Amino acid sequence: MKDEIVHWGIIGAGSIAKKFATDLITIPNAKLYAIASRTLVKAKNFGETFQADVAYGDYKELVLDPNVDAVYIATPHSFHKEHTMLCLNHHIPVLCEKPFAMNLEEVEEMIQLARKKETLLMEAMWTIFLPHFRYALDLIDKQHFGALIKLEADFGFQPEYNERSRLFDKQLGGGSLLDIGIYPVFAALSSLGSPEHIEAKAEFFPTGVDSECDIQFHYKNALAKLKSTFKKETYTEAIFHCKDGIIKINGRFHEPSSISLIDHNGNKELKTFDNNTLGYSYEIEHFNQLIRQGKTESDIMTFEKSIQLISTLDKVRQCIGLEYK
Ligand SMILES: NC(=O)c1ccc[n+]([C@@H]2O[C@H](COP(=O)([O-])OP(=O)(O)OC[C@H]3O[C@@H](n4cnc5c(N)ncnc54)[C@H](OP(=O)(O)O)[C@@H]3O)[C@@H](O)[C@H]2O)c1
């Protein structure tokens, strides 16, 4: 495909799809070609706003369109596997929202099918592509302030309680852990790797999903204290305590942000980054490049990383007794 325009399709015209499309239309050599919603009117409205060529009132119609080069899946967690399989079975490259699926078993099935169909598949863990996050990980990797001893990371906001919203509905994979706790967990896995031991406790909404979750990852020489909550707004920072100083990703750490470096004498330096988009452009450009190069797996958000992430989330869910049927 080389430098030709990548024609994107989106499945699910919800709130993240709008943000993704906002960034997509700013990218050269890529365009929003098609949008699919369960409701045709909704698809048409979305299509008009973001100048899509085609609007479908059925997800299946989109995958039958031979002009679609890539699909972004923006449906609730519990549909990620089904919609990923639908696209892969039609040999369409898939960028699927986080969490990749509901559990390890589902993720493994998706990866297996992607390999069988020799079709590109990647989890849309956009944070790993953001310059500030990569910069922080690089400093940690280089031991800028010596060894990493402790990570404190949180993510909290207070959505209005609504049993039918995907955030609270168990059938749709609701709960704070899978929706936002995934980011502190990802920060820990990216900096310290898989923990030797996990402790976690949670509180629950009447719908049976976790309203908040407190997690501790224990490592041989380090500790990660992680939190997600739907009960209050939190700073949403990632604070990496190293032997000789602190690397702090300022709130909200999972999206385009800045970094504070604090040495052992208390001297502070603020590192800022040029962010001209909402931040989804980085994962989109990476994915476009993979398509042009004919790749079937990302070298950044690898299958191994997605497997590590979902299996860790499975273990945390086991600790807090949260099961999805
Ligand atoms: N990367 C990020 O920054 C980020 C941020 C927010 C969310 N996300 C992820 O993106 C996914 C979607 O989140 P969202 O906030 O965009 O959710 P949302 O606003 O509720 O949109 C989800 C869309 O999925 C479709 N859908 C299909 N079956 C559905 C069902 N049974 N119930 C409800 N919706 C259904 C709907 O689209 P149609 O009606 O058009 O078919 C709906 O608008 C989640 O997995 C979430 O984790 C990622």
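Residues numbered from 1 in each chain as written. Predicted model: local features only at pLDDT ≥ 70, side-chain atom pairs only at ≥ 80, totals over all residues. Heavy atoms only, no water.

Here we come to the packing of helix α1 (residues 15-24) against helix α8 (residues 281-292). Two elements in contact, α1 and α8, have axes whose closest approach is 9 Å; the angle formed by their N-to-C orientations is 65°. By the angle class used here, α1 and α8 are roughly perpendicular. As α1 runs across α8, the sense of the crossing is right-handed. On α8, the residues touching F20, D23 and L24 of α1 are S281, E283 and I284. For the contact of α1 with α8, the per-class residue count stands at three nonpolar, one polar and two charged. (Axes fitted to C-alpha atoms, helices over the stretch in contact; angles between N-to-C directions. Helix = DSSP H or I, 4+ residues; strand = E, 2+ residues; numbered from the N terminus. Parallel < 35°, antiparallel > 145°, perpendicular 65-115°, else oblique. Left-handed = near helix turned anticlockwise from the far one by under 90°. Contact = heavy atoms within 4.5 Å. Nonpolar A, V, L, I, M, F, W, Y, C, P; charged D, E, K, R; others polar.)

Attention now moves to the state of the cysteines. Within this structure, the stated rule accounts for zero disulfides. C213 provides the cysteine sulfur closest to C319, a residue in no disulfide bond, and the two sulfurs are 8.6 Å apart. Owing to a relative accessible area of 37%, C319 belongs among the partly exposed residues under this scheme. (Disulfide = S-S within 2.5 Å. Buried < 20%, exposed > 50% of the residue type's maximum accessible area, 1.4 Å probe, protein only.)

This part is about the nonpolar core. Counting 113 residues, the largest nonpolar core has W8, I10, I215, F217 and I247 as the members making the most contacts within it. Sorting elements by how many residues they give to this core places helix α7 (residues 176-192) first, with 10 residues. Lining this core are residues from two domains, each supplying at least three of them: domain 1 (6-124 + 280-299) and domain 2 (128-277). Excluding residues within four positions of it along the chain, F217 makes contact with V185, A188, L189, P195, H197, I198, A222, L223, A224, L226, T312 and V316. (Core = buried A, V, L, I, M, F, W, Y, C linked by side-chain atoms within 4.5 Å. Domains from an automatic or database assignment.)

With that settled, the discussion passes to the sheet that holds strand β6 (residues 121-124). Taken together, six strands build an open sheet; the order of strands is β3-β2-β1-β4-β5-β6 and the sheet is parallel. Each edge of the open sheet carries a strand with a single partner, namely β3 (54-56) and β6. Going across the sheet, the axis of each strand differs from the next one's by a mean of 25°, ignoring polarity. Sheet topology places strand β1 (residues 6-11) next to strand β2 (residues 30-36); six bridges connect them, and they run parallel. For I11, the partnering residue across the bridge sits in β2 and is A36. (Pairing = 2+ DSSP bridges.)

A few words on the domain arrangement of the chain. Along its sequence, the chain is organised into domain 1 (6-124 + 280-299) and domain 2 (128-277). Listed per partner, the contact involves 16 residues of domain 1 and 14 residues of domain 2. When domain 1 packs against domain 2, the two sides together hide about 1200 Å² of surface, and 66% of this comes from carbon and sulfur. Viewed at the interface, domain 2 and domain 1 are joined by one salt bridge. For D179, the salt bridge goes to K98, with nearest N and O atoms at 3.9 Å. Where domain 1 touches domain 2, the interface holds four residue pairs in polar contact (both at pLDDT 80 or more). (Buried area = accessible area lost by both parts, 1.4 Å probe. Salt bridge = Lys/Arg side-chain N within 4 Å of Asp/Glu carboxyl O. Polar contact = N/O pair within 3.5 Å; in protein donor to acceptor, adjacent residues only side chain to side chain.)

Turning to the UniProt feature "domain: Gfo/Idh/MocA-like oxidoreductase N-terminal" (unreviewed entry) in the chain, a few remarks are in order. As recorded in UniProt, the feature "domain: Gfo/Idh/MocA-like oxidoreductase N-terminal" (unreviewed entry) lies at residues 7-123. Across residues 7-123 one finds 41% helix and 22% strand; the C-alpha atoms that close the span lie 19 Å apart. (UniProt positions renumbered as here; feature names shortened; annotations may be inferred.)

With that settled, the discussion passes to the UniProt feature "domain: GFO/IDH/MocA-like oxidoreductase" (unreviewed entry) in the chain. The sites that carry the UniProt feature "domain: GFO/IDH/MocA-like oxidoreductase" (unreviewed entry) are, in the present numbering, residues 133-247. With 23% helix and 36% strand, residues 133-247 has end C-alpha atoms that lie 11 Å from one another.

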